[in-house]
Amino acid sequence: YTKRAGRNGYHVFEMSMHLDTRERLDMMLDLGAALERQQFVLMYQPKFDLHNNVVGFEALLRWQHPTLGLVLPDHFVSLAEKSGLIIPIGEWVLNAACRQMKEWYSSGCEKWHVAINLSALQFSHERLLDVVRQVLARWELPPHCLTLEITETVAMHNAKKTLEILNQLSQLGVNISIDDFGTGYSSLLYLKRLPANELKIDKAFISNLGTGTLMNDQAIVSAIINLGHTLNFKVIAEGVENDEQKSFLQELGCDGLQGFGLAEPMWVDEVKDYYSTECKAG
Ligand code: C2E
Ligand code: MG
Ligand code: MG
Ligand code: MG
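Below is a summary of the structure that appears in this document. (Residues numbered from 1 in each chain as written. Chains lettered and ligands numbered in written order. Predicted model: local features only at pLDDT ≥ 70, side-chain atom pairs only at ≥ 80, totals over all residues. Heavy atoms only, no water.)

Looking at the pairing of strand 7 (residues 146–151)
Here is step 1 of the chain: Across the 6 residues that make up strand 7, a large majority, 5, are buried.
Here is step 2 of the chain: In terms of strand pairing, strand 6 (residues 113–117) meets strand 7 through 4 bridges, oriented parallel. Paired with valine 114 across the strands is leucine 146, a residue of strand 7.
Here is step 3 of the chain: Looking at chain direction, strand 7 and strand 8 (residues 175–181) are connected through 5 bridges and run parallel. When the sheet's bridge partners are listed, leucine 148 is paired in strand 8 with isoleucine 176. (Buried < 20%, exposed > 50% of the residue type's maximum accessible area, 1.4 Å probe, protein only. Helix = DSSP H or I, 4+ residues; strand = E, 2+ residues; numbered from the N terminus. Pairing = 2+ DSSP bridges.)

Written as structure tokens, this is what we have:
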């Protein structure tokens, strides 16, 4: 294991090279106890529309490990997925995010939504629909205040089954966003039938925008935006890091932006800074 001081002075865990068998086992055991030890926490990254208004926040999971520090999801989500732990962890995320959204809603931020990420196993889990329904009811949260993000790869995995699940979810009234779009292999025939609201262009295509070097990525991003609009999706971009990328995306008519260049993931307290400017009752 290695640790470094992160952006805000927090210790952020990073996988040095790879973990040996013993370390992997330790981590698995720790992960199994993390829920009841209340070591999970959510950070929130704003999502903006084209006029720089906040439209919602994506909940991003972090594991506060007693010795490792703050562990990012890339280091434990696949482990949790393999062990099945992602199911109870994912339910915790859904509940915590909706409870938080309800608080914002009650503070006057009725137009915001909270977005959560679903892994492959969560998405295909038989109880997903019930759990979403129950959590919305528990917090008396209007369904349009919740967005579920699934990656393009997960969405394309089993087309028939996916359409069934997405149709049921969208009947509940929640929003569906197709995350990391462009890295999977969407069939256009299938894409046009997908009951999703939003395509989120993967940050891999955004990082080279505006540098003038890679015309390919500009053409791809432009094509995704046009295709998305033709099929009646909102199209948003993740990983926007600078003004050049931002204005390029704005010119192309991209509907939403997210990225370090606009706002980094933040602790829930810091979200309050957005109340007064964004919410009527704030
Ligand atoms: P994602 O859903 O595609 O989230 C975007 C990731 O990119 C986040 O990393 C975010 O902090 C980071 N990011 C945001 N803006 C920028 C930028 O301008 N530049 C760069 N380079 N990165 C940016 P994070 O929080 O480490 O999450 C990584 C992935 O872990 C997420 O990718 C998502 O797939 C997964 N994940 C996060 N939270 C959860 C969760 O609660 N449940 C599940 N199943 N997966 C989660
Ligand atoms: Mg996401
Ligand atoms: Mg993404
Ligand atoms: Mg991703």
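Moving on from the coordinates now.
A word on the environment of glutamine 218
Here is step 1 of the chain: By secondary structure assignment, the location of glutamine 218 is in helix 10 (residues 215–230).
Here is step 2 of the chain: Note: C-alpha distance between glutamine 218 and leucine 79 (139 residues apart in sequence) is 35 Å.

Observations regarding the pairing of strand 10 (residues 234–237)
For a regular strand, side chains alternate in direction, first toward one face of the sheet and then toward the other.
Here is step 1 of the chain: Sheet analysis places strand 9 (residues 198–201) next to strand 10, joined by 4 bridges and oriented parallel. Each bridged residue has a counterpart across the sheet, and for leucine 199 the counterpart in strand 10 is valine 235.
Here is step 2 of the chain: Judged from the 2 bridges that link them, strand 10 and strand 11 (residues 256–257) form a sheet pairing that is parallel. The residue bridging alanine 237 from the neighbouring strand is leucine 257, located in strand 11.
Here is step 3 of the chain: Crossover strand 10 to strand 11 through helix 11 (residues 243–251) is right-handed. (Right-handed = clockwise from strand over helix to strand, strands pointing away.)

Regarding the packing of helix 3 (residues 86–106) against helix 5 (residues 128–138)
Here is step 1 of the chain: It is at 9 Å that the axes of helix 3 and helix 5 come closest, and there the two elements cross at 30°. When the interaxial angle is binned, helix 3 and helix 5 end up roughly parallel. Read as a crossing pair, helix 3 and helix 5 show a hand that is right-handed. Residues Glu91, Leu94, Asn95 and Cys98 of helix 3 lie in contact with helix 5, whose contacting residues are Val131, Val132, Val135 and Arg138.
Here is step 2 of the chain: In terms of residue class, the contact of helix 3 with helix 5 is built from 5 nonpolar, 1 polar and 2 charged. (Axes fitted to C-alpha atoms, helices over the stretch in contact; angles between N-to-C directions. Parallel < 35°, antiparallel > 145°, perpendicular 65-115°, else oblique. Left-handed = near helix turned anticlockwise from the far one by under 90°. Contact = heavy atoms within 4.5 Å. Nonpolar A, V, L, I, M, F, W, Y, C, P; charged D, E, K, R; others polar.)

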